[in-house]
Amino acid sequence: MAVIGVARFIQQRQDFEDAIARSYQVEMAARERIVAGTGGRPARAAVAREARHRSELRDQISGDTRDTALLVAAGLIAGLTGALLLFSGLISSMRRPLEELVDAAGRLAAGDRSARVEVGGLSETAALGAAFNEMAEELEREASQRDQLDRLKDEFVLTASHELRSPLTSVQGFAELLMLERESLTPRQVETVEVILDNCRHLVRLLNDLLDLARSDAGRLAIRPEPTAVAPLVDDVVRTIRAQTDAGGQTLTENLQPGLPPIEVEPARIRQILVNLLTNAHEYCPGGASIEVTARASGAEVEISVSDDGPGIPNDQLERIFERFTRGDAGLTQRVGGTGLGLAISKSLVELHGGTIEAESTVGQGSTFRFRVPVAAGTGVQGGRAPAEAS
Amino acid sequence: MARILVADDSETILLLMRTRLEMAGHAVETACDGQEVLESIAESGMPDLLLLDAMMPRMSGIDALRELRTAGSEIPALIVSAHQNPGDADAPTDLQIDGYITKPIDFDQLLTTIAELTN
């Protein structure tokens, strides 16, 4: 509109100037005739008429100019409004796809591999959306390949540990059979069979640990928690381990807070964790070391810890102590029977119970491993040291 | 002493089982899969106890036991599993199983369990 106004203004201005120029030419011709003495009255009339005509033209052009200016102003206002409308339309048509993109990127980052955007709207946002979808597609493909590899790995470990167990059963079984007739064996033969049995037990431990970890990774390590009294469980494990600590000249003490509430756990799994922690303490500590098991109530949890005054664990190893195949220096240099998997499994098991586990150590002073598991809900029964009283 | 039918797809495991169980005074028959278990029972009658491997080709110990239970048998049955925890054996809860034995086999414990179940 403004453009039309400006064009019209220029045209009007041109017409006006042409008309003025023509009027001057007519007037000048008339004046020349008057000077020459050939014009007479008509020439004088023409001079007066042209002057009047120009005055009219000037009035007209100033009116037209005002109109045109108004037209131009109106045009500009209309144009600006239109531009604003167009611009805000543009913004809103970009905003929705962009918001959707931000939302989808957020979901993708949070692990929703199926996050996609609707491709449409302006060509630029459509291209952006298409590129995003392509990237998400690729991520999803990679993730599903990784999942498949993980599944294959888990299946492999489950099958392998299953398949290895049968021959191992035979080796251990027949070695035990030999030991049943040990009186007819020479001392050297007995020693040989003992080495076979020792290694069988180590292999079994490794297989069990691998199986546990594979199950844990596959989300198939299930626990069946039940209200369990703490003291009998700890007593039992301590009794089992005491034979080894006694043989190693180590002191093993128990320090349980009286009247502990029962915990909501699968007893066999807590026993497994405790055996692991106590076996570690026994194997990594020298003869004469002191090992202590303590248990105390802590809010809605019971904290069980195993402390020793052994060599301790350097900080760099302590940070990675719950990772697989992480073993202390002693485990690598001395004859320690661990698999490097025990603490990783203990951590998985504690977490399955909804608990936490941590390690603390000072080199030269000893180590403490403590885990917390939840108190059995709504039992209101005090387990304590006397299970008979508890029920 | 009891008549025990042992099923496992490994010959050496069967030999080991037979040796240890016979040393303890039991009478042992063997089968290498669930199908043979059913055939053996059809031929020579029901033993005092079944010791069945959970996983065998053709027919598993669990499937063989299911057939026997469906037919109304109450025979004591122990399932031998390569799994460390009975719960991991994916064992059916609707089937009467009198105990789980894990590999490697703790024979002292197995003999105690057999004595309990057959007395």
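Up top is the structure these notes are about.
Trainee: Is there a simple way to explain the side chain of E27 of chain A in this structure?
Mentor: Structurally, the position occupied by E27 of chain A is in helix α1 (residues 2-36). Not counting chain neighbours up to four residues away, the residues in contact with E27 of chain A comprise V47, E50, A51 and R54 of chain A.

Trainee: Would you explain the interface of chain B and chain A in this entry?
Mentor: Often, the extent of an interface is quoted as the loss of accessible area upon association of its parts. If you look at the interface, chain B gives 18 residues, while chain A gives 18 residues. With both sides pooled, the region where chain B packs onto chain A buries about 1,800 Å², and carbon together with sulfur makes up 59% of that total. Here chain B and chain A share 1 salt bridge between them. In this structure, R20 of chain B engages E176 of chain A in a salt bridge whose closest nitrogen and oxygen atoms are separated by 3.9 Å. Counting across the interface, chain B meets chain A through 3 residue pairs in polar contact (both at pLDDT 80 or more). The element best represented in the side of chain B that touches chain A is helix α1 (residues 11-23) of chain B, accounting for 7 residues. Looking at the side of chain B that touches chain A residue by residue, the classes come out as 9 nonpolar, 6 polar and 3 charged.

Trainee: What exactly am I supposed to notice about helix α6 (residues 267-284) of chain A here?
Mentor: Structural remark: α-helix, 3.6 residues per turn; residues separated by three or four positions point the same way. Here α6 of chain A contains 18 residues, and its C-alpha end-to-end distance of 26 Å stays within 8% of the 26 Å for a straight helix at 1.5 Å per residue. Listed in full, the buried residues belonging to α6 of chain A are R269, I270, I273, L274, N276, L277, L278, T279, N280, A281, H282 and E283 of chain A.

Trainee: What exactly am I supposed to notice about the sheet that holds strand β4 (residues 290-298) of chain A here?
Mentor: Backbone-to-backbone hydrogen bonds join strands into a sheet, with any given pair of strands oriented parallel or antiparallel. Residue and element names in this part refer to chain A. Across the sheet, 5 strands lie side by side as β2-β4-β5-β7-β6; this open sheet has mixed pairing. Two strands in the sheet have a free side with no partner beyond their single neighbour: β2 (251-256) and β6 (356-362). Along the sheet, successive strands turn relative to each other by an average axial angle of 15°, direction set aside. Sheet topology note: the strand β5 (residues 301-308)/strand β7 (residues 366-374) ladder contains 8 bridges and is antiparallel. Paired with E301 across the bridge in β7 is P374. Seen against the sheet, helix α9 (residues 342-352) touches β6 and β7 and runs at an angle of roughly 140° to β6.

Rules of the game
- Residues numbered from 1 in each chain as written.
- Chains lettered and ligands numbered in written order.
- Predicted model: local features only at pLDDT ≥ 70, side-chain atom pairs only at ≥ 80, totals over all residues.
- Heavy atoms only, no water.
- Helix = DSSP H or I, 4+ residues; strand = E, 2+ residues; numbered from the N terminus.
- Contact = heavy atoms within 4.5 Å.
- Buried area = accessible area lost by both parts, 1.4 Å probe.
- Salt bridge = Lys/Arg side-chain N within 4 Å of Asp/Glu carboxyl O.
- Polar contact = N/O pair within 3.5 Å; in protein donor to acceptor, adjacent residues only side chain to side chain.
- Nonpolar A, V, L, I, M, F, W, Y, C, P; charged D, E, K, R; others polar.
- Expected span 1.5 Å × (residues − 1).
- Buried < 20%, exposed > 50% of the residue type's maximum accessible area, 1.4 Å probe, protein only.
- Pairing = 2+ DSSP bridges.
- Axes fitted to C-alpha atoms, helices over the stretch in contact; angles between N-to-C directions.

Shape is all these values report; function is a separate question.
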